Amino acid sequence: MEGFSYCSTSEAGDGQPEILEGGRDSGLLAIESLLRKKGRFDYILLETTGLADPVAVASVFWVDADLGSDVYLDGVITVVDAKYGLEHLLEKKPDGLVNEAARQAGLADIILLNKVDLATREDRERLKGQLRIVNALAKIIETQRGRVNLDYVLDLHSFDNSASVGLRERLSQLETQEGAATHGHLDQSIRSVTFEVPGSVTQSALDAFLQDLLWEKKMLNEEGQCMDVLRLKGLVPLTCQRKVVLVQGVRELFDQEDTPIDWPEPNQRHCRFIIIGRSLDKDILREAFAEAALAAHDESI
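Residues numbered from 1 in each chain as written. Predicted model: local features only at pLDDT ≥ 70, side-chain atom pairs only at ≥ 80, totals over all residues. Heavy atoms only, no water.

> Could you give an account of the overall build of the chain, with specific residues and numbers?
The secondary structure content of the chain amounts to 10 helices and 10 strands. Across the 301 residues of the chain, 46% fall into the buried class. Of the contacts formed within the chain by residues at least 6 apart in sequence, a portion of 74% connects residues at least 24 apart. When the accessible area of the chain is evaluated, it comes to approximately 15,800 Å², of which 48% is carbon and sulfur surface. (Helix = DSSP H or I, 4+ residues; strand = E, 2+ residues; numbered from the N terminus. Buried < 20%, exposed > 50% of the residue type's maximum accessible area, 1.4 Å probe, protein only. Contact = heavy atoms within 4.5 Å. Areas by Shrake-Rupley, 256 points an atom, 1.4 Å probe, with all protein chains shown as cover.)

> Give a description of the nonpolar core that names residues and reports values.
Formed by 29 residues in total, the largest nonpolar core has its most connected members in F61, V80, I111, L113, L127 and L131. Secondary-structure elements contributing two or more residues to this core are α2 (54-58), α5 (85-90), α6 (100-107), β4 (110-114) and α7 (121-134). Once residues lying within four places of it in the same chain are set aside, the contact partners of I111 are T78, V80, A105, L131, A138, K139, I140 and I141. Of all hydrophobic cores here, the second largest spans 27 residues; its members include V201, A205, F273 and A293. (Core = buried A, V, L, I, M, F, W, Y, C linked by side-chain atoms within 4.5 Å.)

> If you had to explain the environment of V250 to someone new, which residues and values would you point to?
Its location among the elements puts V250 in strand β8 (residues 243-250). Since its relative accessible area comes to 4%, V250 is described here as buried. Along the chain, V250 and A58 lie 192 residues apart, while their C-alpha atoms are 8.0 Å from each other.

> Explain the packing of aromatic side chains to me, using residue names and the numbers behind them.
A complete count under the given rule lists 7 aromatic pairs for this structure. Between F209 and F273, the ring centres sit 5.7 Å apart and the planes meet at 55°, which makes this aromatic pair tilted. Taken together, the positions of F209 in helix α9 (residues 203-215) and F273 in strand β10 (residues 270-278) put the pair 64 residues apart, joining distant regions of the chain. Here F209 matches F273 in class, with each residue buried. (Phe/Tyr/Trp six-rings, centres within 6.5 Å; stacked < 30°, edge-to-face > 60°.)

> So what's going on with the pattern of salt bridges? Residues and values would help.
According to the stated counting rule, one finds 12 salt bridges in the structure shown. Among the ionic pairs, D212 bridges to K218, the shortest N-O distance being 3.7 Å. Residue D212 is classed as partly exposed on the basis of its relative accessible area of 25%. Of the charged contacts in the structure, one is a salt bridge between D258 and K243, with a shortest N-O distance of 3.2 Å. Taken together, the residues D258 in strand β9 (residues 253-258) and K243 in strand β8 connect sequence positions 15 residues apart. On the basis of relative accessible area, K243 is assigned to the partly exposed category, the value being 27%. (Salt bridge = Lys/Arg side-chain N within 4 Å of Asp/Glu carboxyl O.)

> Talk me through the confidence of the model for the chain; I want residue IDs and the actual numbers.
This prediction gives the chain a mean pLDDT of 80; 76% of its residues lie at or above 70. Of the regions scoring below 50 in pLDDT, residues 9-23 engages in 34 contacts with residues more than four places distant in sequence or in other chains. Low pLDDT, under 50, characterises residues 179-187; the predicted model gives this stretch 14 contacts beyond four residues in sequence or across chains. (pLDDT = per-residue confidence, 0-100.)

> Describe the side chain of T143, and please don't skip the residues or the numbers.
Structurally, the position occupied by T143 is in the loop between β5 (139-142) and α8 (164-177). Of the polar contacts made by the side chain of T143, one reaches the side chain of N114; its length is 2.9 Å. If sequence neighbours within four positions are ignored, T143 has contacts with L112, L113, N114, K115, V116 and V148. (Polar contact = N/O pair within 3.5 Å; in protein donor to acceptor, adjacent residues only side chain to side chain.)

> I'd like a description of the sheet that holds β5, backed by residues and values.
Reading across the sheet, the 3 strands line up as β3-β4-β5 and stay open at both edges, with parallel pairing between neighbours. Every other strand in the sheet has two partners, leaving β3 (77-81) and β5 as the edge strands with one partner each. Strand after strand, the sheet turns through a mean of 25° between neighbouring axes, direction not considered. In this sheet, β4 lies alongside β3 in parallel orientation, the contact comprising 5 bridges. (Pairing = 2+ DSSP bridges. Axes fitted to C-alpha atoms, helices over the stretch in contact; angles between N-to-C directions.)

> I'd like a rundown of empty space enclosed by the protein, residues and numbers included.
Summed over the entire model, instances satisfying the criterion amount to 1 cavity of 30 Å³ or more. Considered as a void within the structure, the largest cavity measures approximately 40 Å³ in volume. In this structure, the largest cavity is lined by P54, V55, A58, V76, L107, F159, R231 and V250. Of all the elements, α2 adds the most residues to the lining of the largest cavity, at 3 residues. Looking at the lining of the largest cavity residue by residue, the class counts come to 7 nonpolar, no polar and 1 charged. (1 Å grid on protein atoms, 1.4 Å probe; cavity = no way out; pocket = protein on both sides within 12 Å on 5 of 7 lines; lining within 4 Å. Points joined across faces, edges and corners; volume = space filled by probe spheres on them. Nonpolar A, V, L, I, M, F, W, Y, C, P; charged D, E, K, R; others polar.)

As structure tokens, then:
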């Protein structure tokens, strides 16, 4: 396929990317090598092995200014085995260890449910239900032998503001549907939660909430466990700028972009978030954001 390049990265025994010269992993060095060659690439597909943590690669596109000026991160795709995927999601790990299958599903923008011909309809539906608990935003596509229409997996723009309008509609739907979800017997260490807080907020309130959650690790659930965020998305109307911004986070990193969404009427302003991670507590997260918004409002008076 013209204008398309493929490269692969390997991992050490602990599932982390193989680190080579200058503290950079092999996949990123492969991308930089491609960019130095003559010609133009429309798309680069970076494949990691089954134990890889996609965050390690995804985060570099935010912190590496040189690389980020030449390419952008389009999205994360996770392949799940339709026959054995549920077994992997249900696997109990010793305390302190992450279920890799759940983590990779939680980070995905697209989940390819492969080998669907080897699983019954009932098993596929059960697996898809559990995947939606882990990651309510990801689109699930059924495939056989990994065959998929490239229009479904390319040009996703999952990390920019192109999809902000669709995200607003999806977050509204998820807030309604979440309470009716059946959680079955899935280990809930990794899951997605959505919440909304009415009104608009200041930039300082938004920053305070994100820093406490992602940097300072101050958010604890009822069991006293630290809430560990894998990925975060939110649409927030900012008071000071009179605009709605898209907020995205991957582990400790977060960023925001302006969106084309118009400043809503007062009774339609809501801050909406979806957070994917471990040991999450929806009510505590919502209350923490509301308190940060209130504190910033009081300071501005």
